[in-house]
Amino acid sequence: LQLTSQHQRSQTNQDCRLVISESGVTNESPVKRTELSWSGIAKVSQTRKIILIYLSEQSAFLIPKKSFPNVSEAKSFFDYTFDLWKASRNVVSSK
């Protein structure tokens, strides 16, 4: 799944993308690319208006649910992201 962050765009005047995949989370801009495996993600949660992908207790990607075309797509994005994160925890804890 891929999401273009309007918030980051407004600060940098450049498109930034957050890509969620089975291998982890990638944050891309024209000048920087950051890749994190799921083991590097501390937590995935949500509030009524925001999906949060925590890198640490003090740092997170904040994804406004209004960035999605509708509530259903925001829910699907959260469910997919949470399930991948949770699955990575089960793999790590079973070793």
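The structure under discussion appears in the preceding block.
This report concerns the structure included in the present document. Quick caveat: nothing in here was measured; it's all calculated off a predicted structure.

**Side note on the overall build of the protein**
Consideration 1: Helix and strand content of the protein: two helices and seven strands.
Consideration 2: Ordered by position from the N terminus, the helices and strands of the protein form the series β-α-β-β-β-β-β-β-α.
Consideration 3: Within the protein, buried positions represent 29% of all 95 residues.
Consideration 4: Pairs at least 24 residues apart make up 29% of the contacts formed inside the protein by residues separated by at least 6 positions.

**A short note on the side chain of Ser88**
Consideration 1: Inspection of the secondary structure puts Ser88 in helix α2 (residues 71-93).
Consideration 2: Within the structure, the side chain of Ser88 is placed 2.6 Å from the backbone oxygen of Trp85, a separation counted as a polar contact.

**Side note on the side chain of Thr26**
Consideration 1: Inspection of the secondary structure puts Thr26 in strand β3 (residues 24-28).
Consideration 2: Here Thr26 is in contact with Arg17, Leu18, Val19, Arg33, Thr34 and Glu35, once residues within four sequence places are set aside.

**What about the pattern of salt bridges?**
Consideration 1: All chains considered together, the criterion is met by four salt bridges.
Consideration 2: Salt-bridge contacts for Glu28 lead to Arg17; the nearest nitrogen and oxygen are separated by 2.2 Å. Linking Glu28 in strand β3 with Arg17 in strand β2 (residues 17-21), this pair joins segments that are 11 residues apart in sequence.
Consideration 3: Among the residues examined, Arg17 registers a relative accessible area of 30% and is labelled partly exposed.
Consideration 4: For Asp79, the salt bridge is made with Lys75, and the minimal N-O distance between the two is 2.6 Å. Of this pair, Asp79 and Lys75 both sit in helix α2, separated by four residues, roughly a single helical turn.
Consideration 5: On the accessibility criterion, Lys75 (51% relative accessible area) is exposed.
Consideration 6: Salt bridges here are not isolated pairs; linked through shared partners, they connect Arg17, Glu28, Arg33 and Glu35.

Each value, and the rule that gives it
- Residues numbered from 1 in each chain as written.
- Predicted model: local features only at pLDDT ≥ 70, side-chain atom pairs only at ≥ 80, totals over all residues.
- Heavy atoms only, no water.
- Helix = DSSP H or I, 4+ residues; strand = E, 2+ residues; numbered from the N terminus.
- Buried < 20%, exposed > 50% of the residue type's maximum accessible area, 1.4 Å probe, protein only.
- Contact = heavy atoms within 4.5 Å.
- Polar contact = N/O pair within 3.5 Å; in protein donor to acceptor, adjacent residues only side chain to side chain.
- Salt bridge = Lys/Arg side-chain N within 4 Å of Asp/Glu carboxyl O.

Don't take any of this as a statement about function, it's just geometry.
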